[in-house]
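Here are the chains, one letter per residue:
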Amino acid sequence: MSENEYIHIIVEGCDATGKTTLIQELHKQLGFDIVKGSDFSIAEKGVVSMFEYMKEVAATPTNLIIDRDFISNLVYAPLYDKNMLTDEMVNELIKMKSNHSIVIYLHGSLSTITERIVKRGDEYVKTEHLQDIINRYHSVVERFDNNLKIGKFNIDIYDSYLLAECIASAVKRSRVV
């Protein structure tokens, strides 16, 4: 595989939107490695360390599925008083990602996401924060819509398993696998 023949599939979205299911199904169908792009443990190491980690992942010249990335940082950091990337850091990451990455943004109705959170439980996200998280995701995703390839999928309409089949089929047709 040449340097230009790889893809990073970044899966983003609020908690309980089916990201883990989608990621696991994509891994099964494509065989791509799964990498954690952003979470509380990465943010707790400090903004510079987090940024360096995200750059390292972005520079990896192999097919990857990235479980959250800088978009999640921009959504959750202000809510949970965690380290947030600066605009300069985000712009550098976008430049690194724009040629080899697609973002799969999973979103849904407040009622569906609340029902899923209540059913499974969550140690960090409280149901009273969900509307704010949903609004923040929509705002951040719209902010980068012209800079990144973003596919937006409503979980009230699309099932993670079927979505994984469609994405895997498209990736296979693109000949990067």
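Quick look at the structure, then.

Rules used in this analysis
Residues numbered from 1 in each chain as written. Predicted model: local features only at pLDDT ≥ 70, side-chain atom pairs only at ≥ 80, totals over all residues. Heavy atoms only, no water. Helix = DSSP H or I, 4+ residues; strand = E, 2+ residues; numbered from the N terminus. Buried < 20%, exposed > 50% of the residue type's maximum accessible area, 1.4 Å probe, protein only. Core = buried A, V, L, I, M, F, W, Y, C linked by side-chain atoms within 4.5 Å. Contact = heavy atoms within 4.5 Å. Salt bridge = Lys/Arg side-chain N within 4 Å of Asp/Glu carboxyl O. Axes fitted to C-alpha atoms, helices over the stretch in contact; angles between N-to-C directions. Parallel < 35°, antiparallel > 145°, perpendicular 65-115°, else oblique. Left-handed = near helix turned anticlockwise from the far one by under 90°. Nonpolar A, V, L, I, M, F, W, Y, C, P; charged D, E, K, R; others polar. Lys, Arg positive; Asp, Glu negative; His and termini not counted. Polar contact = N/O pair within 3.5 Å; in protein donor to acceptor, adjacent residues only side chain to side chain. Arc of directions from axis to C-beta.

## Observations concerning unusual backbone geometry
And then number 1: With a phi close to 70°, A16 is a non-glycine residue in the positive phi region.
And then number 2: Here A16 lies in the loop between β1 (8-13) and α1 (19-30).
And then number 3: Phi angles above zero are rare outside glycine, and R68 is one such case at about 70°.
And then number 4: Among the secondary structure elements, R68 is positioned in the loop between β3 (64-67) and α4 (70-80).
And then number 5: According to the relative accessible area criterion, R68 is buried, its value standing at 13%.

## Comments concerning the nonpolar core
And then number 1: Within the largest apolar cluster, 57 residues are counted, with the highest numbers of intra-cluster contacts made by I9, L22, L26, F70 and L85.
And then number 2: Setting aside residues no more than four positions away along its own chain, I9 makes contact with L26, L30, F32, L64, I65, I66, I102, I104, I167 and V171.

## Some words on the pattern of salt bridges
Oppositely charged side chains can pair when the atoms bearing their charge come close.
And then number 1: The final tally for this structure, using the stated rule, is 11 salt bridges.
And then number 2: For K152, the salt bridge goes to E142, with nearest N and O atoms at 2.7 Å. Linking K152 in strand β5 (residues 149-154) with E142 in helix α7 (residues 130-143), this pair joins segments that are 10 residues apart in sequence.
And then number 3: Looking at K152, the relative accessible area reads 32%, which means it is partly exposed.
And then number 4: Here K152 ties to D145 by a salt bridge, and the two come within 2.9 Å at their closest N and O atoms.
And then number 5: Take D145: its relative accessible area is 27%, and that puts it in the partly exposed class.
And then number 6: Connected via shared salt-bridge partners are D15, R68 and R120.

## A few points about the packing of helix α6 (residues 110-120) against α7
And then number 1: Where α6 meets α7, the axes come as close as 10 Å, and the angle between the chain directions of the two elements is 125°. Accordingly, the angle class assigned to the pair α6 and α7 is oblique. Considering only the axes of α6 and α7, their crossing is right-handed. On α7, the residues touching L110, I113, T114 and I117 of α6 are L130, Q131 and I134.
And then number 2: Across the contact of α6 with α7, the residue classes break down as 5 nonpolar, 2 polar and no charged.

## Here's the deal with the side chain of E12
And then number 1: Tracing the sequence through the fold places E12 in strand β1.
And then number 2: Here E12 sits buried without a salt bridge, and the closest side chain of opposite charge, R68, lies 5.0 Å off (N-O distance).
And then number 3: Here D69 takes part through its backbone nitrogen, which lies 2.7 Å from a polar atom of the side chain of E12.

## Here we look at α6
And then number 1: Every buried residue of α6 is listed here: T112, I113 and I117. Buried residues of α6 fall within an arc of 130° about the axis and therefore sit on the same side. The exposed residues of α6 that point more than 90 degrees off its buried face are S111, E115, V118 and K119.
And then number 2: Those residues of α6 hidden inside the fold are in contact with α7.
And then number 3: Once α6 finishes, G121 follows within two positions and takes phi at roughly 80°, a positive value.

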